[in-house]
Amino acid sequence: MNNRDRMPEPSQERFAAPIIKAVGLHLLVLIFLFVSFSSAPEYEPAKPIVRATLVQLNSKSPATTQTDQKIAGEAERTAAQRHEAEELKRQQQEQQQEQEAAQRAATEQRQAAAAAAKAAEDKAVEERQRVEQVERQKAEETKRKADAAKKLAEAEAAKKKAAEEAAKRKEVEEAKKAEAKKAEEAKRKTDAEAAAKKAEADRVAKLKREQEEAKASALAELLASETQYQRAQADQFGDEVAASYDDVIRRYVSEQWRRPPTARNGMVVEVRISMLPSGDITDVVVQRSSGDAGFDQSAVQAVRNVGRIPEMQQLSRESPAAFDRLYRQRTLRFKPEDLAF
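Residues numbered from 1 in each chain as written. Predicted model: local features only at pLDDT ≥ 70, side-chain atom pairs only at ≥ 80, totals over all residues. Heavy atoms only, no water.

Novice: What is the right way to read the packing of aromatic side chains from this model?
Specialist: Aromatic ring pairs are defined here through the distance separating the ring centres and the angle between the ring planes. Tallying each qualifying case throughout the model produces two aromatic pairs. On the basis of an interplanar angle of 90° and a centroid distance of 6.1 Å, the ring pair of W257 and F295 is categorised as edge-to-face. Highlighted residues: W257 in the loop between α5 (227–256) and β1 (269–275) and F295 in helix α6 (residues 293–306), separated in sequence by 38 residues. As far as the burial class goes, W257 and F295 line up, both buried. The aromatic ring of Y252 is capped on one face by R251, whose charged end is 4.9 Å from the ring centroid. Seen from the ring of Y327, R330 lies directly overhead, with NZ or CZ sitting 5.2 Å from the centre. (Phe/Tyr/Trp six-rings, centres within 6.5 Å; stacked < 30°, edge-to-face > 60°. Helix = DSSP H or I, 4+ residues; strand = E, 2+ residues; numbered from the N terminus. Buried < 20%, exposed > 50% of the residue type's maximum accessible area, 1.4 Å probe, protein only. Lys NZ or Arg CZ within 6 Å of the ring centre and 35° of its normal.)

Novice: Explain the pattern of salt bridges here, please?
Specialist: It is possible for side chains of opposite charge to pair when their charged atoms get near one another. Under the defined criterion, the tally for this structure stands at 16 salt bridges. A salt bridge links D147 to K143; the shortest N-O distance between them is 3.1 Å. One end of the pair, D147, and the other, K143, are both in helix α4 (residues 62–222), four residues apart, so they sit about a helical turn from each other. Of the charged contacts, one joins K198 and D202 as a salt bridge, the two residues approaching to 3.2 Å between their closest N and O atoms. Here K198 and its partner D202 are both found in helix α4, four residues apart, which amounts to about one turn of the helix. Looking at K198, the relative accessible area reads 34%, which means it is partly exposed. Residue D202 is classed as partly exposed on the basis of its relative accessible area of 30%. A single salt-bridge network, built from bridges that share partners, covers E87, R90 and E94. (Salt bridge = Lys/Arg side-chain N within 4 Å of Asp/Glu carboxyl O.)

Novice: Explain a nonpolar patch on the surface to me, please; I cannot follow it from the model alone.
Specialist: A contiguous nonpolar surface patch, about 440 Å² in accessible area, is contributed by I19, V23, L27, L28 and I31. Tracing the backbone shows I31 in helix α2 (residues 16–38). (Patch = residues over 30% accessible without salt bridge, like charges linked within 9 Å, V, L, I, M, F, W, Y side chains within 5 Å. Areas by Shrake-Rupley, 256 points an atom, 1.4 Å probe, with all protein chains shown as cover.)

Novice: Explanation requested: the sheet that holds β1 in the structure shown.
Specialist: The strands that make up a sheet pair up through hydrogen bonds in the backbone, lying either parallel or antiparallel. Overall, antiparallel pairing links the three strands, which are arranged β2-β1-β3 in an open sheet. The two strands at the open ends of the sheet, each matched to only one other strand, are β2 (281–288) and β3 (329–334). Within the sheet, the average angular offset between the axes of one strand and its neighbour, ignoring direction, is 25°. Against the sheet, α6 engages β1, β2 and β3, with an angle of about 165° to β2. (Pairing = 2+ DSSP bridges. Axes fitted to C-alpha atoms, helices over the stretch in contact; angles between N-to-C directions. Contact = heavy atoms within 4.5 Å.)

Right, dumping it as structure tokens:
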């Protein structure tokens, strides 16, 4: 017989303590597992082992039960150690995963922050460009308005200047018209005076001519028989006619003469006048100078301005020989005191 056969039948109290211990041990394992499982993935509990052990305890002897209990305890410890190792490894893996996740999250966060910073910078650049564009547009608009205002001011100034110039031109034109009107009135007055003087001169010349003709006729009738006396009287008559026509020439020249600033009393200029029988003056030259070029030229210009002496035509008709002898070319002496103007 083996020792198990020789062991006496234990009583109920004898097995109570080991059973209680085993149950308590299993309870502790269960509590430990529950606590471990609450923070880790769930694993299969070891309840089947406990249940199997309990069943065997009901059917086997105390020695067998103890052995089984030991085996079960060792298995439980081994399982617990394995579980702890696995749990530790799992925790390490989780920590590594968490660290990697944290690193990835930090990297992603840095990338997101960099992207956000770049986006913010791009947005700031875009906003700055937009603001600069708005400022440029405002500056261009301001410049455009300033240019428009400047052009408007220039146009107004040009318009005002044109109006002022037009007003000045109008004033000048009105002044010119007034001067022209005055000159025309003066010319009309001068022409009227000249016409009156000419009419008077014509009347005087006609009267003198009639007197001289009457005198000549009387002389011719009285002295027709005395040839020598007639020649002497004719010469005397020619001198008187010459003196009379010289006065006519001086009168015409005096009307056209303008006194130069250098003319002084006592000056004498002799000019030679060439005329046609019609009384037209064809040439005038200085025969003897007064010593003052201004006075000489004023006398020459006055004779040129006369242009024609109508009285000479009558002389040439009445006495062509006297005209040819005396006034085809005639030298006259002019003095400032002889010329009234």
